[in-house]
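# Notes for the structure review
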Amino acid sequence: MTAPNAPPTTTTTTQAYGESWYWDNRYAHDPSTFDWYQKYPSLAPLLRLYFPPTPHHPILVVGCGNSAFSEGLVDDGYDEVVNIDISSVVIEAMQKKYANRPQLKYMKMDVRNMSAFDTRSFSAVIDKGTLDSLLCGHNSRQNAGKMLEEVWRVLKDKGVYILITYGSPAYRLPLLKDLSWTIKLHVIEKLASGNSSHQTTDITCPIPLDVNGGSVEGAVGMKADVHYIYVCIKVCWL
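This section reports on the structure supplied with the text. (Residues numbered from 1 in each chain as written. Predicted model: local features only at pLDDT ≥ 70, side-chain atom pairs only at ≥ 80, totals over all residues. Heavy atoms only, no water.)

## Section: empty space enclosed by the protein
This is how the line gets drawn: Only protein atoms enter the 1 Å grid used here. Points where a 1.4 Å probe fits but cannot escape make up a cavity, open sets with protein on both sides within 12 Å along at least five of seven lines make up a pocket, and a residue lines them when an atom lies within 4 Å of a point. Grid points are joined across faces, edges and corners, and a volume is the space filled by probe spheres set on the points. Going along the chain from the N terminus, every DSSP run of H or I of four or more residues is numbered as a helix, and every run of E of two or more is numbered as a strand.
Scanning the entire structure with this criterion turns up two cavities of 30 Å³ or more. Of the volumes computed, that of the largest cavity is approximately 260 Å³. Around the largest cavity sit 22 residues that line it, and W23, G63, D85, I86 and T130 are the ones nearest its centre. Secondary-structure elements contributing two or more residues to the lining of the largest cavity are helix 2 (20–29), strand 2 (81–85) and helix 6 (130–136).

## Examining the sheet that holds strand 3 (residues 104–108)
Note the following rule: Being paired, for any two strands, means DSSP has found at least two bridges between them. The axes are straight lines fitted to the C-alpha atoms, using for helices just the contacting stretch, and the angles between their N-to-C directions are given from 0 to 180°.
Ordered by their spatial adjacency, seven strands build an open sheet running 3-2-1-4-5-7-6, and the pairing between neighbours is mixed. Looking at strand neighbours, the two that pair on one side only are strand 3 and strand 6 (181–189), the edges of this open sheet. Along the sheet, successive strands turn relative to each other by an average axial angle of 20 degrees, direction set aside. With six bridges joining them, strand 4 (residues 122–128) and strand 5 (residues 155–165) adopt parallel strand pairing.

## A few points about the packing of aromatic side chains
Going by this rule: Aromatic rings from Phe, Tyr and Trp, taking only the six-membered ring of Trp, are treated as a pair when their centres fall within 6.5 Å; an angle between ring planes under 30 degrees marks them as stacked, one over 60 as edge-to-face, and anything in between as tilted. Whether a residue is buried, partly exposed or exposed follows from its accessible area with a 1.4 Å probe, protein chains only, as a fraction of its type maximum: under 20%, in between, or over 50%, in that order. Over a ring means this: the NZ of a Lys or the CZ of an Arg is within 6 Å of the ring centre and within 35 degrees of the ring normal.
Enumeration according to the criterion identifies twelve aromatic pairs in this entry. Each ring, one from W36 and one from Y37, has its centre 6.5 Å from the other, and the planes form 85 degrees; the classification is edge-to-face. For the pair formed by W36 and Y37, the shared burial category is buried. Ring geometry for F51 and Y78: centres 6.1 Å apart, planes at 65 degrees, overall edge-to-face. One end of the pair, F51, is in the loop between helix 3 (40–50) and strand 1 (59–62); the other, Y78, is in the loop between helix 4 (69–75) and strand 2, with 27 residues separating them in the sequence. Here the two residues F51 and Y78 agree in accessibility, since each one is buried. Three or more aromatic residues joined by ring pairs form one cluster here, namely W21, Y22, W23, Y27, F34, W36, Y37 and Y166. If you follow R172 out to its NZ or CZ, it ends over the ring of Y166, 5.4 Å from the centre. Cation over ring: K234 sits above W152, and NZ or CZ is 4.2 Å from the ring centre.

## Describing the packing of helix 2 against helix 5 (residues 88–97)
Between two packed helices, the angle of one axis relative to the other and the distance separating the axes together describe the packing. Rule in force here: Angular relationships are summarised with four words: roughly parallel below 35 degrees, roughly antiparallel beyond 145, roughly perpendicular across 65 to 115, and oblique for the angles in between. Two residues qualify as a contact provided that any one of their heavy atoms is within 4.5 Å of a heavy atom in the partner residue. Note on residue categories: nonpolar means Ala, Val, Leu, Ile, Met, Phe, Trp, Tyr, Cys or Pro, charged means Asp, Glu, Lys or Arg, and polar means any other residue, Gly included.
Remark: helix 2 packs on helix 5, axes separated minimally by 7 Å, with the N-to-C direction vectors making an angle of 45 degrees. The angle between the axes of helix 2 and helix 5 places the two elements in the oblique class. Listed contacts from helix 5 to D24, Y27 and A28 of helix 2 are S88, V89 and V90. A breakdown of the residues in the contact of helix 2 with helix 5 according to their chemical character gives four nonpolar, one polar and one charged.

## Some words on the side chain of N143
Put simply, the rule is: Counted as a polar contact is a pair of N or O atoms within 3.5 Å, where, for protein atoms, one must be capable of donating a hydrogen and the other of accepting one, and residues adjacent in sequence contribute only when both atoms are in side chains.
Residue placement: N143 occurs in helix 7 (residues 140–154). A polar side-chain atom of N143 sits 3.2 Å from a polar atom in the side chain of R112. Within the local environment of N143, its side chain forms a polar contact with the backbone oxygen of H138, the two atoms lying 3.0 Å apart. Those residues in contact with N143 that sit more than four places away from it in its chain are R112, L134 and H138.

## Some thoughts on the environment of V151
Counting through the fold element by element, V151 comes out in helix 7. A relative accessible area of 0% places V151 in the buried class. Along the primary structure V151 and L60 are separated by 91 residues, whereas in three dimensions their C-alpha atoms are 9.3 Å apart. Apart from the residues within four sequence positions on either side, V151 is in contact with M114, V125, Y161 and W181.

Spelled out as C-alpha cells, the structure:
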C-alpha cells in the first residue's frame, strides 16, 4: 500500500500490514500524526452528502491509527465517533491525546472480529486503507472477507460503509459484492495536501458503474491518478 509521504515499503513489509506487531513497532518509532490517502477536508463534502451530522448516530472509523481524521469529524458536528485499531501502542496514545474529547472513543480491536459491538450498532463505517492493508498480507482474500462481513454486521440497516482505496472496481467490486450492498463509486484526486480546494473534479458526483466496473476508465481516464471511494449502503432483505 502506498500513500503520500509514506515511508518506503518492501514486499515483506506490506505483507505484515495485517499484523499488530508491525503497527506497534511503527507507532512506537514514529508517533507523528499521519493520514493515509486523504485528509478530512477533502472528504467532508461526500460524508455530509451520505450521512450529515445527526445527534446519536454513531460512526465507526476502522484502522484509525494516529490520524487527525476523526478529530475533523467531531469538529464538523459528528457527536459520536468510535475508533478502532489493531495496535495497542497507537490506541493508548490516542486515548491520552483526546482524553478531553468525549465525542471520540478509542478501542484496541481487530476489524476481522468486532464482537465487542452489537449487530446494527453504527450508522456509518469509514475505512481509509484498512481493507487495502489486509489485501497486502497473507490469506488476503479470507481476511478481507472476514472484515467486510463484520463491517456489514455492525452497520445499521441502510447504514453506509465508505471505503477509500487505491483499488479499481475490477479488484474491489468482486470483494464487495459478496454482501448485500447498494454500491456507488466516487473518485478523488491523489493530493498530498488533502486540500479539497485544489480538486478539479466534484467528489459528490458518482461515476457510472457497470457490473464489471468497465465504465470507470472512460469516465476518469486510463491513467488517472485517483483514489476510489466506494459508498456501500447496507441492504437487508426481509
